[in-house]
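Each chain, letter by letter, is given below.
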Amino acid sequence: MRRLLAGLAAGTFMFATAACGSSGGSSSTSPSSGGTTTVKVGIIPIVDVAPLYLGQKEGFFGKRGLKLSMTLAQGGAAIVPGVTSGQFQFGFSNMTSLMIAQSNGVPVQAIANGVASTGVEGKDFGGLVVKKGSSITSVKQLEGKKVAVNTLKNINETAVRESVRKAGGDPDKVNFVELAFDQMPAALDKGQIDAAMAVEPALATMKGQGATEIASPLVDVAKNLTVAMYFTSTSYAQKNPAVVKKFQEAIAESLTYADAHPDEVRQIVTTYTKTPAEVLAQVTLPKWPADANRSSIEALEKLSEQDGLFKTAPDLDKLLP
């Protein structure tokens, strides 16, 4: 299991302790006074999870008797074992991590939509950028270059590989390196990496430094790609159906609210990141549809299988709600 981040170093993604919630204590769901149940949720410190914070703020979870305690992780690959071990009751993960887990017999169950690509080239919440003044102008030129992704052998690597492939390049010749989103701006600026595949707000931070976007890899995977979903373990779902249903209802309301209130989304991001206001103003927000786009997930599955990420093909009928 990759390292979990209890807090992040100074910079774009430094988090307020109050916003993060507690990461310790019992691994089971713990009811508190007044019939409120506290559930621990493993998340990634990115714009994608803004609806979760908005939903808690607006009382969508509270009115259903749920209180969220958020814990930070570098990526979905780290959150999956946290959920299956009982450290978290729910988690947020990209679809590739969930499919890899399911194909390996890990008992996970997606329960609600998480975030989707805008589907618009050059105007997505995820982008592949190069440093200001870089000689790299085409994705094909990434052969032999060092490209940062937040986790290796996962959705962002698969997406970049597809962009390289579509540009006529050989993705096997790209040197992928693992780097947390919050560390990408400095690494790109210092020339430690040649390109970075990032999501917001790290993407806007790098653009603010003069970085040039050369591709929208998530768009290259599939139009309106379902990038991530909220999930739980199959055992928790079986033992706590009422809690799962409440979480599903609350997150559905939260997603709809976030999609309709972009200004509030930008504001809530300031409560769990220290992204400057001028950067937030430039952030491209993702889409938060109520339902997952199965056809896009199937396209991602095929690319992931092509990249050799699965020992056996995942069973989407069992994984998806």
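Residues numbered from 1 in each chain as written. Predicted model: local features only at pLDDT ≥ 70, side-chain atom pairs only at ≥ 80, totals over all residues. Heavy atoms only, no water.

### A closer look at the overall build of the protein
Piece 1. Of regular secondary structure, the protein possesses 14 helices and 11 strands.
Piece 2. A total of 321 residues make up the protein; the buried ones form 56% of that total.
Piece 3. A separation threshold of at least 6 residues defines the contact pool for the protein, and within that pool the share at least 24 residues apart is 80%.
Piece 4. Just so you have it, the protein exposes about 12,600 Å², and 49% of that area is on carbon and sulfur atoms. (Helix = DSSP H or I, 4+ residues; strand = E, 2+ residues; numbered from the N terminus. Buried < 20%, exposed > 50% of the residue type's maximum accessible area, 1.4 Å probe, protein only. Contact = heavy atoms within 4.5 Å. Areas by Shrake-Rupley, 256 points an atom, 1.4 Å probe, with all protein chains shown as cover.)

### Some details on helix α3 (residues 76–84)
Side chains three or four residues apart in an α-helix point the same way, a direct result of the helix having 3.6 residues per turn.
Piece 1. All buried positions along α3 are accounted for by G76, A78, I79, V80, G82 and V83.
Piece 2. Buried residues in α3 make contact with β2 (37–43), β4 (90–94), α4 (95–103), β5 (108–116) and β11 (226–233).
Piece 3. In the stretch just after α3, G86 is the one whose phi turns positive, near 90°.

### Quick word on the confidence of the model for the protein
Piece 1. Considering every residue of the protein, the mean pLDDT works out to 89; 89% of them sit at 70 or more.
Piece 2. Throughout residues 1–28 the model reports pLDDT below 50, and contacts reaching past four residues in sequence, or to other chains, amount to 69 contacts. (pLDDT = per-residue confidence, 0-100.)

### Brief notes about the packing of helix α2 (residues 50–58) against helix α11 (residues 262–272)
Piece 1. Packing of α2 against α11 brings their axes to within 9 Å, and their N-to-C directions diverge by 95°. Put simply, α2 runs roughly perpendicular to α11. Residues A50, Y53, L54, K57 and E58 of α2 form the contact with α11, whose participating residues are E264, V265, I268, V269 and Y272.
Piece 2. Here the contact of α2 with α11 is composed, by residue class, of 7 nonpolar, no polar and 3 charged. (Axes fitted to C-alpha atoms, helices over the stretch in contact; angles between N-to-C directions. Parallel < 35°, antiparallel > 145°, perpendicular 65-115°, else oblique. Nonpolar A, V, L, I, M, F, W, Y, C, P; charged D, E, K, R; others polar.)

### Notes on the side chain of E157
Piece 1. Residue position: E157 is located in helix α5 (residues 155–166).
Piece 2. It is K153 that comes nearest to the buried, bridge-free E157 among opposite-charge side chains, at 4.1 Å. (Lys, Arg positive; Asp, Glu negative; His and termini not counted. Salt bridge = Lys/Arg side-chain N within 4 Å of Asp/Glu carboxyl O.)

### Observations regarding the environment of F247
Piece 1. Here F247 shows up in helix α10 (residues 241–260).
Piece 2. Put simply, F247 and F61 are 186 residues apart on the chain and 7.1 Å apart in space, counted from C-alpha to C-alpha.
Piece 3. Discounting residues that sit within four places of it in the chain, F247 has contacts with V41, L52, F61, L66, L68, F90, I111 and Y230.

### Details of unusual backbone geometry
Piece 1. The step from E200 to P201 runs through a cis peptide bond, and the omega angle for that step is 5°.
Piece 2. Structurally, P201 can be placed in the loop between β9 (195–199) and α7 (202–208).
Piece 3. Positive phi is not limited to glycine here, since N224 has a value of about 55°.
Piece 4. On the secondary structure map, N224 appears in the loop between α8 (217–221) and β11.

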